[in-house]
Amino acid sequence: MDSIFIPFFTTKKNGSGIGLSLCKQIMMLHKGKIQITSEEDKGTIMSLVF
Ligand SMILES: Nc1ncnc2c1ncn2[C@@H]1O[C@H](COP(=O)(O)OP(=O)(O)OP(=O)(O)O)[C@@H](O)[C@H]1O
Ligand SMILES: [Mg+2]
């Protein structure tokens, strides 16, 4: 959770680690933010707040 927005950080075998850092940058340019809550073995909620 602490690292997921760092460019090129990935936990996937073939991930690039670009997706979330790019999303964060785009949201910042719209003066918005991304909020995340995650529970292991249950799920993850990502909210784009404009
Ligand atoms: N929807 C999601 N649910 C749970 N974890 C996620 C989700 N999206 C991303 N993550 C976590 O955050 C990490 C970084 O995500 P990010 O999108 O930046 O890269 P990626 O998905 O690994 O590769 P790609 O650049 O192809 O999207 C992922 O490797 C994963 O651990
Ligand atoms: Mg991704």
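Just above sits the structure.
Structure report, in brief. Predicted model only: the values in this text are computed from it and were never measured.

1. Some points on the pairing of strand β1 (residues 33-39)
Working step 1: Pairing between β1 and strand β2 (residues 43-49): 7 bridges, direction antiparallel. Across the sheet, residue Thr37 finds its bridge partner in β2, namely Ile45.
Working step 2: Hairpin connection from β1 to β2: 3 residues lie between these consecutive antiparallel strands, with Asp41 at a positive phi of about 65°.

2. Things to note about a nonpolar patch on the surface
Working step 1: A contiguous nonpolar surface patch, about 390 Å² in accessible area, is contributed by Phe8, Ile18, Leu22 and Ile26.
Working step 2: As for its placement among the helices and strands, Ile26 is situated in helix α1 (residues 19-29).
Working step 3: The partly exposed category is assigned to Ile26, whose relative accessible area is 39%.

Rules used throughout
- Residues numbered from 1 in each chain as written.
- Chains lettered and ligands numbered in written order.
- Predicted model: local features only at pLDDT ≥ 70, side-chain atom pairs only at ≥ 80, totals over all residues.
- Heavy atoms only, no water.
- Pairing = 2+ DSSP bridges.
- Helix = DSSP H or I, 4+ residues; strand = E, 2+ residues; numbered from the N terminus.
- Patch = residues over 30% accessible without salt bridge, like charges linked within 9 Å, V, L, I, M, F, W, Y side chains within 5 Å.
- Areas by Shrake-Rupley, 256 points an atom, 1.4 Å probe, with all protein chains shown as cover.
- Salt bridge = Lys/Arg side-chain N within 4 Å of Asp/Glu carboxyl O.
- Buried < 20%, exposed > 50% of the residue type's maximum accessible area, 1.4 Å probe, protein only.

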